Amino acid sequence: MASRIKIKKLLQSPPNSETVTAKGWIRTKRVSKQTVFLTINDGSCQQDLQVVLSPAQLPENLLNQIGTGASVAITGFMVASMGEKQNVELHGQQMVVLGDAPKYPLQPKAHSLEFLRTLLHLRFRTRTFGAIFRIRHVISYAIHRFFHERGFIYLHTPIITAADAEGAGALFQVTSPNPTAQAAAGPSDPTEAFFKEIAHLTVSGQLAAEAAVMGLHSVYTFGPTFRAENSNTSRHLAEFWMVEPEVAFNDLDDTIALAEELVKALLDALLANCSEELKWLEQRTIRNINEPSPQLPLLERLTFVRETPFTRITYTEAIDILMDALPNKNGTFAYPIKSWGSDLQSEHERYLVEQHFQRPVIVTDYPKGLKAFYMRQNDDNKTVAAMDLLFPGVGEIIGGSQREERMDYLTAAMQRMHISLADLNWYLDTRRFGTIPHSGFGMGLERFMLFATGMENIRDVIPFPRTPGHIAC
Ligand code: 4AD
Ligand code: MG
């Protein structure tokens, strides 16, 4: 058999007389008297390879064996295609069935996303999820490249930790009885547990990144983070991937500029490398939506955000807009804003972005009571140097701040929020020994992926979503 060539490469090659082998999974099969048409895909690209075979070349039982989902190796040569969908196609001379797939549950028709969530391990074979996970790779790679090109150091922060980095208490506990412990006390007694104290899965690598920038200047973490919040929404996962840059000597303005630059660089990478995937996802949403969508088509939306400067407003300005918006022409909010100090719910964020400004919005200077202990207090004594980047269709994509570098302010905030100074004594050393202004932010990869793909449910942009009650495969 001739050496195997990936379908992506075969589709780019001109017709020629060389014998080649393609391997992949059958998407469709059409049989007529003279011809068998197969489309096969090997995951290397969005497009399928059309294969043309003559039934005379195939034993009857082989022809019956092949169907959607079966894996095959086909040897033949590439010829110019008469069909409209492709320039070239493979005229097969020989076929081997690698694995048949009787009762394969994904027939060549559009399945609902809900149905596909019951078959997570098979989703990779569909066009939609092939597109999504190739895009996820391109974005992940572009994140590393972005920071590498700017001199950042990729910092691996612990997954298992004793610290509650957000002070929000949404922690998964990690336990295992200490094998050397005599007692039958079990993991509920922290002194008997593996680490001899209570350990958690990390909610954020930020505190470790703050320590690191005091020697390495600019770092970023990019790894899984875990939140035990019981929010069963289309925007929350119990396990998600977060990228967190942290930079010594940066203030809030610097970190906002970095966030905007990152997001735009990722959109550049997406538009430059994923045109076929984006075309598929855009057509998918157009096909599925019966009513006209209030949103621009996917590609236009991505290009618009790429080209548009983000609007920057303070929390106080946002509250004024939201209070004036009541009652607005689109009906009232489920949670009306009553006064300064109210938290912004997703409906408020989306009102600001989708209706009021019609572009991404950065909200800064939130009331200190709404934000984490490490954010730098402003001179008004009421607000902190926080920033959230809000995106159309998604809401919060990025959350960040300038950090409180003044020891007395930091410890006062920790005490106010009942965060143990003793537990974070190591962190306080960063302020004891050569403290400096510094800033950073966290971007949820899956939140960005929602925007990048136009998908509506966060469970559809991560290979194996974990949400309350769901951990099958
Ligand atoms: O706003 P958050 O909680 O900020 C932090 O964790 C900071 N330590 C980041 C930093 O400054 N280094 O989370 C940051 C981002 C959010 O904007 C959102 O995109 C994402 O993480 N995120 C989630 N994504 C999916 N599911 C969840 N449950 C998420 N919680 C936060
Ligand atoms: Mg946040």
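Only a predicted model underlies this, so the values are computations on that prediction, with no experimental measurement involved.

(A) Fine view of helix α13 (residues 445-453). Judged by how many residues are buried, α13 sits mostly within the fold: nine of nine residues are covered. For α13, the full list of buried residues reads L445, E446, R447, F448, M449, L450, F451, A452 and T453. Just downstream of α13 lies G454, where phi reads positive at about 75 degrees.

(B) Main features of the packing of helix α4 (residues 127-149) against helix α6 (residues 252-273). In contact at an axis separation of 9 Å, α4 and α6 are set at 135 degrees when each is read in the N-to-C sense. Between α4 and α6, the interaxial angle falls into the category oblique. Pair α4 / α6 crosses with right-handed handedness. Residues I135, V138, I139, A142, I143, R145, F146 and F147 of α4 form the contact with α6, whose own contacting residues are L258, E261, L262, A265, L266, A269, L270 and N273. Across the contact of α4 with α6, the residue classes tally to 13 nonpolar, one polar and two charged.

(C) Representation of unusual backbone geometry within the structure. Positive phi values are uncommon outside glycine, yet Q358 reaches one of about 55 degrees. Tracing the backbone through its elements, the reader meets Q358 in the loop between α10 (346-357) and β13 (361-364). Judged by its relative accessible area of 51%, Q358 is exposed.

(D) Summary view of a positive patch on the surface. Side chains of R4, K6, K8 and K23 sit close together on the surface and give a patch of like positive charge. Inspection of the secondary structure assignment puts K23 in strand β1 (residues 20-31).

(E) Main features of the sheet that holds strand β9 (residues 199-201). Spatial strand order, β7-β9-β8: three strands in an open sheet with antiparallel pairing. The open sheet has two free edges, formed respectively by β7 (160-161) and β8 (173-174), since each of these has just one partner strand. With two bridges joining them, β7 and β9 adopt antiparallel strand pairing. Of the residues in β9, the one forming a bridge with I160 is L201.

Rules used throughout
Residues numbered from 1 in each chain as written. Chains lettered and ligands numbered in written order. Predicted model: local features only at pLDDT ≥ 70, side-chain atom pairs only at ≥ 80, totals over all residues. Heavy atoms only, no water. Buried < 20%, exposed > 50% of the residue type's maximum accessible area, 1.4 Å probe, protein only. Helix = DSSP H or I, 4+ residues; strand = E, 2+ residues; numbered from the N terminus. Axes fitted to C-alpha atoms, helices over the stretch in contact; angles between N-to-C directions. Parallel < 35°, antiparallel > 145°, perpendicular 65-115°, else oblique. Left-handed = near helix turned anticlockwise from the far one by under 90°. Contact = heavy atoms within 4.5 Å. Nonpolar A, V, L, I, M, F, W, Y, C, P; charged D, E, K, R; others polar. Patch = residues over 30% accessible without salt bridge, like charges linked within 9 Å, V, L, I, M, F, W, Y side chains within 5 Å. Areas by Shrake-Rupley, 256 points an atom, 1.4 Å probe, with all protein chains shown as cover. Salt bridge = Lys/Arg side-chain N within 4 Å of Asp/Glu carboxyl O. Lys, Arg positive; Asp, Glu negative; His and termini not counted. Charge placed at Lys NZ, Arg CZ, Asp CG, Glu CD. Pairing = 2+ DSSP bridges.

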